[in-house]
Amino acid sequence: MKQLESLRTFLREAPWHFWTTQLIAVMQIELKKNFLRRRSIWIYLVALAPVLLIGAHAIDSPMGRRCNIEEDTRILAGIFQLFYLRLGIFFGCMGLFTWLFRGEIVEKSLHYYFLAPVRRELLVVGKYLAGMMTAVFFFGLSIFLSFALMYGHFGPAGKAYVFSGPGLGQLMSYMGVTVLACVGYGSLFVALSLVIKNPILPGAAVLVWETFHPVFPSMLQKLSIMFYLRQLCPVPLQPEGLLALFTVIAEPVSPWLAVPGLLVLSTAILVFACMRIRKMEISYLAD
Amino acid sequence: MTTNNRIVFENVSKFYGEVLGVNRVNLSVPSGVTSLVGPNGSGKTTLMNLMTGLARPTQGSISVLGLSVDDPEELFRRVGYCTQFDSFPKGVTGYEFVYQSLKLRGIATNDAHRLAKEAIDRVNLWEVAHRKVAGYSKGMRQRIRLAQSIAHHPTVLVLDEPLNGLDPMARAESIALFEALGKEGLHVIISSHVLHEVDKISDQVVLMSYGYVIAEGEIHGVRNEVKEHPMQILVRCSQPNLLASRLFSQDHVVEAKLNHDGQGVLVRTLDAGEFYLLLNRVVLEEDIALEAVAPADDDVNSLYQYLIGGGGKV
Amino acid sequence: MAVYKRTYKTYDGPLTPAWSRFGVVARYSFSTLFKSRIFTIFTMLCFVPVFFAIAWMYVIHSPLVQQMLGVRMGSALQINNQWFSQLLWAQAWMGFMLATAATPGMVSRDFANHALQLYLCRPLSRLEYLVGKISVIAVLLSAVTWIPGLLLFALQAQLESHGWAWDHLYLIGSIVLSGWLWIAVISLLMLALSVWVKWRIAATGLILGVFFLMPGFAEAFNAILRTKWGRVFNLPYVLNLIWEQIYRVDPRFGHINYINRLPMWSAWATVLTVCLISAWLLNQKLKAREVERG
């Protein structure tokens, strides 16, 4: 009871305005870095690759002459689940979010943040939000463009599918899942980068975990970000051969549970990251 | 003595795995300019990192003006630290570097612009402030980091090797700046190898070796404590031969050496107080005209030589 | 007049032969790698499948053990070219992970600490430096791929009768050739990517990207453009294709879908292109110069 009271007092008396100002300053610095640095080019490429392919398809098949909407909807669902979610967003977040702290350590500039009167937790949150905004922008835009090109080249039929059929709902779901994927993977890679010097190799282990989670027991499956994301995808994939192992949802979960479940998991990981950074020391060794 | 205006280390030790950083440090640093002196690897940077929270003590506690180093919000409003890491966030100009740091402190835009300009002006870099830091010379990088650390008007300024890479002109300007800041009442903590230069401005000295503080306090006081090395005093006078012969008969005078120009005598004595009384007496009795009397080894450099040894590169 | 005493003398003792100096680079790289306990443990873990394979061989050739375990060995469990192909493919991937952990740090640290200039200002050429680094990867990969492969072949030949060894003699060539193909592609590509990005973490990410992200892109390419040629971007696929050819695996029973395969020439052309691009990148980027970007 006493602890609850002290928490209440803390929340009431906390300098929220000051923290907001600092948070915005951190985000401004980070967003500029994320969008403008040369190392971001590969994220642009990963995000734009499917757009270019679908653009080529649209040119190759004007007005949907060599394809049909059902088939293209299935293909888009496959690309979203198998390329965007499992690889593109995963690797994109890995690059973006591990850079937030590891990059600063490599460039020996993290101490400038640590020497400012900014709570370290605020630094984690600021950097995380900036990374998330960047990832959502890159991949959200990419998915939007992919979707627009995929249905745009069908002409009126495509327009009808989007605005009078299930299209718009699917787009919303894709965008929502993209945001959630960035939230989930972002928190994971921020935390990994604060714990391990080279977070990429554990990242590969996470990739394996995320890929093979459907074969694990039900309890362990819930520790996978992909477990929640798959439930929210609007178009299920056709179970084909070995791929069925990774695409079939054996234990469906309602979106009302999947979304909060993922958010709770991500928040827990972020809280862990905040606890780690409080104890972090500056020791720049050759990386 | 209140700890609210001092930097206090209480039994602080820091180990990096099995490697000793500093061991059992007890210090209380008042305002003014304090020099941290010691050979490479003696623990100077570790001590500075500890007092700014960049490193955590393995044991003991540290407070800066009564503030805990675990509370960056309060601490870094009052502390500026110019580290020896010669690195910057990528792609920033000198101005952006200082300005961004002020914004991070939650300072309003207009004030941040004003303070950034003021600090950059103070280190004489305004002409190149809008150039990318990556294109700066080593001395310019050193100065822009100094500007960043003083821009928010700290009350404690920690400077790790601030004279490294500076040309003689910039070095003189920086020293003058540190001196001025010290006189304004700031705690200025400087680590440096350029002993004869920090010597001129230091109010206190902390001598370190192998992670231990081996001496601390006012330079004169520390020198008096070093009994095993006779004090050297240079006396410039009209009859050095006579003075030397009179002084040499005393027990506490271990050496009296005539200066090569024949205008003075260098005396090594075990008891400075006794020596000055004797000097007064001899001067009156023999009618010797005194030009100057000055301690010849009452400086950081000599203390370094006596307490740490000539092995350390100075 | 000033008198200068000439006391300084250059070293005029014996020198090691010039051809062996790349070994210095390799030796120090090895010692740095095995300072890491995790790396040493992981290297040991890479031999676990080999021990399982030995146990398998033993069980297959021991009716007594089969009886004790209550198992009957069917033809599907026989040791043949497919068995070797699959075992060494798994070993190759273990080696890949080992090389991914080792290579970026081995090169990027030399760049980050400006050590390359120091290396190359000795009588050590860029090629010798490269050979030194490649030899580290080659030794690591050899130790987990073709060397245990040959030992397993020898053990199997010893345990098996009726001229098994003679019938499968080509497997010796397959094991060595597949091992060295893997070594050549992996070492060149990993070194080139590490030299290119010069940052250990980014290089590790890029290597994983080439081996995991590119196959995803290749499949997306195929699905969207209704083609099979996207697989030229899928390096593991083309290597597997070549691998199965080297081991003379019947395409109907191989890893790869029998239908819609890429022709073999395109697989070889892809691998050759990857090696050439890697060599070009190494030639372009492996230079002792320091660039400060403003």
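Residues numbered from 1 in each chain as written. Chains lettered and ligands numbered in written order. Predicted model: local features only at pLDDT ≥ 70, side-chain atom pairs only at ≥ 80, totals over all residues. Heavy atoms only, no water.

Trainee: Is there a simple way to explain the overall build of chain A in this structure?
Mentor: When helices and strands are tallied, chain A shows 13 helices and zero strands. Mapped from its N terminus to its C terminus, chain A presents α and β elements in the order α-α-α-α-α-α-α-α-α-α-α-α-α. For chain A, whose C-alpha radius of gyration is 21 Å, the value lies close to the compact-globule estimate of 19 Å for 287 residues. Taken along the three principal axes of its C-alpha coordinates, chain A extends 65 × 45 × 40 Å. With 287 residues in all, chain A has 56% of them scored as buried. Sequence-distant contacts in chain A: of pairs separated by 6 or more residues, those separated by 24 or more amount to 81%. Accessible surface computed for chain A: about 12,700 Å², of which carbon and sulfur atoms make up 72%. Side chains of chain A give 24 positive and 15 negative charges; the mean places of these two sets differ by 6 Å. (Helix = DSSP H or I, 4+ residues; strand = E, 2+ residues; numbered from the N terminus. Rg over C-alpha atoms; globule rule 2.2 N^0.38 Å. Buried < 20%, exposed > 50% of the residue type's maximum accessible area, 1.4 Å probe, protein only. Contact = heavy atoms within 4.5 Å. Areas by Shrake-Rupley, 256 points an atom, 1.4 Å probe, with all protein chains shown as cover. Lys, Arg positive; Asp, Glu negative; His and termini not counted. Charge placed at Lys NZ, Arg CZ, Asp CG, Glu CD.)

Trainee: So what exactly am I meant to see when it comes to the sheet that holds strand β2 (residues 19-29) of chain B here?
Mentor: Sheet strands pair by backbone hydrogen bonding; their relative direction is either parallel or antiparallel. All names here are of chain B. The four strands lie next to each other as β2-β1-β4-β5, forming an open sheet whose pairing is antiparallel. Each edge of the open sheet carries a strand with a single partner, namely β2 and β5 (67-68). Summarising the sheet, strand β1 (residues 7-16) and strand β4 (residues 59-64) pair through five bridges and their orientation is antiparallel. Its bridge partner being in β4, glutamate 10 is matched across the sheet by serine 61. Across the sheet, helix α1 (residues 44-51) is in contact with β1, β2 and β4; its angle to β1 comes to roughly 120°. (Pairing = 2+ DSSP bridges. Axes fitted to C-alpha atoms, helices over the stretch in contact; angles between N-to-C directions.)

Trainee: Just to check I follow, could you spell out the environment of A:Pro117 for this structure?
Mentor: With respect to the element layout, A:Pro117 can be found in the loop between α5 (110-114) and α6 (120-152). Owing to a relative accessible area of 1%, A:Pro117 belongs among the buried residues under this scheme. Taking the C-alpha atoms as reference points, A:Pro117 and A:Glu104, 13 residues apart in sequence, are found 18 Å from one another. Setting aside anything within four residues of it in sequence, one finds A:Pro117 in contact with A:Phe18, A:Gln22, B:Pro72, B:Glu73, B:Phe76, B:Arg77 and B:Arg105.

Trainee: Teacher, can you tell me more about the interface of chain B and chain A here?
Mentor: By a widely used convention, the size of an interface equals the accessible area lost when the partners come together. Between chain B and chain A, the residue contacts involve 27 residues of the former and 27 residues of the latter. In total, chain B and chain A occlude about 2,500 Å² of area from one another, counting both sides; carbon and sulfur atoms represent 58% of this. Area buried by chain B at its contact with chain A is led by B:Leu54, B:Glu73 and B:Leu104, which between them contribute 30% of it. Where chain B touches chain A, the interface holds four salt bridges. Among the ionic pairs, A:Lys32 bridges to B:Glu96, the shortest N-O distance being 3.6 Å. Inspection of the chain B/chain A interface yields twelve residue pairs in polar contact (both at pLDDT 80 or more). The leading source of residues in the side of chain B that touches chain A is helix α3 (residues 94-104) of chain B, at five residues. Residue classes in the side of chain B that touches chain A are distributed as ten nonpolar, seven polar and ten charged. (Buried area = accessible area lost by both parts, 1.4 Å probe. Salt bridge = Lys/Arg side-chain N within 4 Å of Asp/Glu carboxyl O. Polar contact = N/O pair within 3.5 Å; in protein donor to acceptor, adjacent residues only side chain to side chain. Nonpolar A, V, L, I, M, F, W, Y, C, P; charged D, E, K, R; others polar.)

Trainee: What should I look at first to understand the sheet that holds strand β14 (residues 290-295) of chain B in this one?
Mentor: Residues and elements named next belong to chain B. Across the sheet, four strands lie side by side as β12-β13-β11-β14; this open sheet has antiparallel pairing. Either end of the sheet is taken by a strand with one partner, and the two such strands are β12 (253-258) and β14. Across the sheet, the mean angle separating the axes of adjacent strands is 15° when strand polarity is ignored. Pairing between strand β11 (residues 231-237) and β14: five bridges, direction antiparallel. Across the sheet, cysteine 237 pairs through a bridge with leucine 290, a residue of β14.

Trainee: Would you explain the nonpolar core in this entry?
Mentor: Generally speaking, soluble globular proteins have nonpolar side chains that are buried together. Within the largest apolar cluster, 209 residues are counted, with the highest numbers of intra-cluster contacts made by A:Phe97, A:Tyr185, A:Leu229, B:Phe9, C:Phe84 and C:Trp182. Among the elements that make up this core, the one with the highest residue count is helix α4 (residues 69-106) of chain A (21 residues). Among residues more than four places away in sequence, those in contact with C:Trp182 are C:Trp89, C:Ala92, C:Trp93, C:Phe96, C:Leu141, C:Ser187, C:Leu239 and C:Trp243. Judged by nonpolar contacts, the second largest core, of 42 residues, contains B:Tyr99, B:Ala112, B:Ala151 and B:Leu186. (Core = buried A, V, L, I, M, F, W, Y, C linked by side-chain atoms within 4.5 Å.)

Trainee: When you look at the pattern of salt bridges in this model, what are you seeing that I'm missing?
Mentor: Side-chain pairing between opposite charges can occur once the charged atoms of the two side chains come close. Residues and elements named next belong to chain B. If you walk through the whole model with that rule in mind, you get 28 salt bridges over all chains. Between lysine 117 and aspartate 121 there is a salt bridge, and its shortest N-O distance comes to 2.9 Å. Taken together, the residues span about one helical turn, with lysine 117 and aspartate 121 both in helix α4 (residues 109-122) at a distance of four residues. A salt bridge links glutamate 285 to arginine 246, with the shortest nitrogen-to-oxygen separation between them at 2.9 Å. One end of the pair, glutamate 285, is in helix α10 (residues 272-286); the other, arginine 246, is in helix α9 (residues 240-248), with 39 residues separating them in the sequence. In this structure arginine 246 comes out as partly exposed when scored by relative accessible area, which is 25%.

Trainee: Where do I start with the pairing of strand β13 (residues 264-269) of chain B in this structure?
Mentor: Regular strands place side chains that alternate from one sheet face to the opposite one. All names here are of chain B. In terms of burial, β13 is largely enclosed, as five of its six residues are buried. Pairing of β11 with β13, which is carried by six bridges, proceeds in the antiparallel orientation. If you follow arginine 236 over to β13, its bridge partner there is glycine 264. Pairing geometry for β12 and β13, over five bridges, is antiparallel. Paired with lysine 257 across the strands is leucine 266, a residue of β13. Turn length for the β12-β13 hairpin, with the two strands adjacent in sequence and antiparallel, is five residues, and the turn residue glycine 262 shows positive phi of about 75°.

Trainee: I'm lost on α3(B) in this one. Help?
Mentor: Because each turn of an α-helix spans 3.6 residues, side chains separated by three or four positions in sequence point in the same direction. Burial runs high along α3(B): ten of the eleven residues are buried. Among the residues of α3(B), B:Gly94, B:Tyr95, B:Phe97, B:Val98, B:Tyr99, B:Gln100, B:Ser101, B:Leu102, B:Lys103 and B:Leu104 are the ones counted as buried. Where the residues of α3(B) are buried, they touch α2 (16-36) and α5 of chain A together with α4 and α5 (138-150) of chain B. Just beyond α3(B), the residue with positive phi is B:Gly106, at close to 85°.

Trainee: Just checking my understanding: could you explain the packing of aromatic side chains for this structure?
Mentor: Ring pairs (aromatic) are described by centroid distance and by the angle formed between their planes. Overall, the coordinates contain 48 aromatic pairs over all chains when judged by the stated rule. Measuring from centroid to centroid gives 6.3 Å for A:Tyr112 and B:Phe88, while their planes differ by 25°, and the two rings are stacked. You can see A:Tyr112 sitting in helix α5 and its partner B:Phe88 sitting in the loop between β6 (79-82) and α3, one on each of two chains. Note on accessibility: A:Tyr112 and B:Phe88 belong to one class, buried. Ring-pair connections join several aromatic residues into one group, and the members of that group are C:Trp89, C:Trp93, C:Phe96, C:Trp182, C:Phe211, C:Phe212, C:Trp243 and C:Tyr247. If you follow A:Arg120 out to its NZ or CZ, it ends over the ring of A:Phe114, 3.8 Å from the centre. (Phe/Tyr/Trp six-rings, centres within 6.5 Å; stacked < 30°, edge-to-face > 60°. Lys NZ or Arg CZ within 6 Å of the ring centre and 35° of its normal.)

Trainee: Would you take a moment to explain the environment of A:Ile79 for this structure?
Mentor: Its place among the elements puts A:Ile79 in helix α4. When its relative accessible area of 4% is taken as the criterion, A:Ile79 is described as buried. Once the C-alpha coordinates of A:Ile79 and A:Gln28 are considered, the two residues, 51 residues apart in sequence, prove to be 33 Å apart. With near-sequence residues (within four places) excluded, A:Ile79 lies in contact with A:Pro50, A:Tyr84, C:Ala220 and C:Ile224.

Trainee: Would you mind going over the environment of A:Ala160 with me for this structure?
Mentor: Residue and element names in this part refer to chain A. Examined against the element boundaries, alanine 160 turns out to sit in helix α7 (residues 156-163). Alanine 160 gets classed as partly exposed once you look at its relative accessible area, which sits at 38%. Residues alanine 160 and proline 199, 39 residues apart in the sequence, show an inter-C-alpha distance of 46 Å.

Trainee: Just to check I follow, could you spell out the packing of helix α3 (residues 41-60) of chain A against α4(A) for this structure?
Mentor: Any two packed helices are characterised by the angle at which their axes cross and by the distance between the axes. Residue and element names in this part refer to chain A. It is the contact of α3 with α4, at a shortest axis distance of 9 Å, that shows an interaxial angle of 165°. Considering the angle they form, α3 stands roughly antiparallel to α4. In this structure, α3 meets α4 at a crossing whose hand is right-handed. Of the residues in α4, those touching α3 at Trp42, Ile43, Val46, Ala47, Pro50, Val51, Ile54 and His57 are Asp72, Leu76, Ile79, Phe83, Tyr84, Gly88, Phe91, Gly92, Gly95 and Leu96. Split into classes, the residues belonging to the contact of α3 with α4 amount to 13 nonpolar, four polar and one charged. (Parallel < 35°, antiparallel > 145°, perpendicular 65-115°, else oblique. Left-handed = near helix turned anticlockwise from the far one by under 90°.)

Trainee: When you look at helix α12 (residues 235-246) of chain C in this model, what are you seeing that I'm missing?
Mentor: Residues and elements named next belong to chain C. Between its first and last C-alpha, α12 extends 16 Å over twelve residues, near the 16 Å set by a 1.5 Å rise per residue. In terms of burial, α12 is largely enclosed, as eleven of its twelve residues are buried. The set of residues buried in α12 consists of Leu235, Pro236, Tyr237, Val238, Leu239, Asn240, Leu241, Ile242, Trp243, Glu244 and Ile246. In the core, the buried residues of α12 are packed alongside α5 (81-112), α10 (170-197), α11 (200-225) and α13 (264-285). (Expected span 1.5 Å × (residues − 1).)

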